[in-house]
Amino acid sequence: IETASQSPSFLGRMMTVSLSHFDATNGETLGKEKVEDAMAEFAMTEIKPYQKWVGYFGVLSQICPMLGLMGTVIGMVQAFGILALTGGAEPSKLAGSISVALLTTLGGLMVAIPSLALFFFFKNRLNDIVADSIHTGVDLVNAATDAVHGESRAARIPEGISI
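The sections below set out a description of the structure shown in this document. (Residues numbered from 1 in each chain as written. Predicted model: local features only at pLDDT ≥ 70, side-chain atom pairs only at ≥ 80, totals over all residues. Heavy atoms only, no water.)

Looking only at helices and strands, the protein chain features five helices and zero strands. Mapped in sequence order, the helices and strands of the protein chain form the string α-α-α-α-α. Classification of the 163 residues of the protein chain by burial places 23% in the buried group. Across the protein chain, contacts joining residues at least 24 apart in sequence account for 69% of those joining residues at least 6 apart. Within the structure as shown, the protein chain displays about 10800 Å² of accessible surface, and the carbon and sulfur contribution to it stands at 68%. (Helix = DSSP H or I, 4+ residues; strand = E, 2+ residues; numbered from the N terminus. Buried < 20%, exposed > 50% of the residue type's maximum accessible area, 1.4 Å probe, protein only. Contact = heavy atoms within 4.5 Å. Areas by Shrake-Rupley, 256 points an atom, 1.4 Å probe, with all protein chains shown as cover.)

Encoded structure:
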């Protein structure tokens, strides 16, 4: 607990909180389940702010194509309005409206595509960090309980069989 409390990392903070749940009065498991539950609870609580920020990339990747589509519709409505007023299709009069339609679509996609890539990158990275930390924490808890029960477990193993 002392060593873990000196580390500002996710793993250090998780172990500082979780290791205090060991129960020396429970001789067989030492309350290992409570320690693992505390790790899971810490992880779920601790990652919420990070998930919120990662989620913003997901929102951007969904909203930006819609904004681009809205700009496309506005540009096309303007183009058809010009057609209705002039009664003919003069390219020079339609070009500005069509340009608005295409530029807004392009702008929406230019923001949405990288946002979607960043959303999945950071989401997967966050999940990997949490999973690796919990796995390492469980390994530490198992090592600690094995160290406590090592001699008694070895005493139960028949002679000639190695651990």
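Take valine 35: it is sitting in helix α3 (residues 32-46). Residue valine 35 is classed as buried on the basis of its relative accessible area of 0%. If we skip the residues at most four places from it in the chain, valine 35 touches Ser18, His21, Phe22 and Val141.

Before going further, it helps to examine the nonpolar core. Counting residues in each nonpolar core, the largest one holds 13 residues, and the members touching the most others are Phe10, Met14, Met15, Met39, Ile47, Val130 and Val141. The set of elements that each furnish at least two residues to this core consists of α2 (10-18), α3 and α5 (91-156). No other element matches α3, which puts four residues into this core. (Core = buried A, V, L, I, M, F, W, Y, C linked by side-chain atoms within 4.5 Å.)

Each pair of aromatic rings is reported with the distance of its centres and the angle of its planes. Across all of its chains, the model carries five aromatic pairs by this definition. Centre to centre, the rings of tryptophan 53 and tyrosine 56 are 5.1 Å apart; their planes meet at 85°, and the pair counts as edge-to-face. Residue tryptophan 53 and its partner tyrosine 56 are both found in helix α4 (residues 48-86); the two are separated by three residues, about one turn of the helix. Classification of tyrosine 56 as partly exposed rests on a relative accessible area of 41%. (Phe/Tyr/Trp six-rings, centres within 6.5 Å; stacked < 30°, edge-to-face > 60°.)

Take the packing of α2 against α3 next. Two elements in contact, α2 and α3, have axes whose closest approach is 9 Å; the angle formed by their N-to-C orientations is 135°. One finds that α2 runs oblique with respect to α3. Crossing geometry of α2 relative to α3 is assigned as right-handed. In this structure, α2 uses Phe10, Arg13, Met14, Met15, Val17 and Ser18 to contact α3, whose residues at the interface are Val35, Ala38, Met39, Phe42, Ala43 and Glu46. The residue inventory of the contact of α2 with α3, partitioned by class, reads nine nonpolar, one polar and two charged. (Axes fitted to C-alpha atoms, helices over the stretch in contact; angles between N-to-C directions. Parallel < 35°, antiparallel > 145°, perpendicular 65-115°, else oblique. Left-handed = near helix turned anticlockwise from the far one by under 90°. Nonpolar A, V, L, I, M, F, W, Y, C, P; charged D, E, K, R; others polar.)

On the surface, a cluster of nonpolar side chains totalling about 440 Å² of accessible area is made up of Val59, Ile63, Leu67, Met70 and Ile74. Counting through the fold element by element, valine 59 comes out in helix α4. Given the relative accessible area of 41%, valine 59 is considered partly exposed. (Patch = residues over 30% accessible without salt bridge, like charges linked within 9 Å, V, L, I, M, F, W, Y side chains within 5 Å. Salt bridge = Lys/Arg side-chain N within 4 Å of Asp/Glu carboxyl O.)

Honestly, it's all geometry; don't read function into it.
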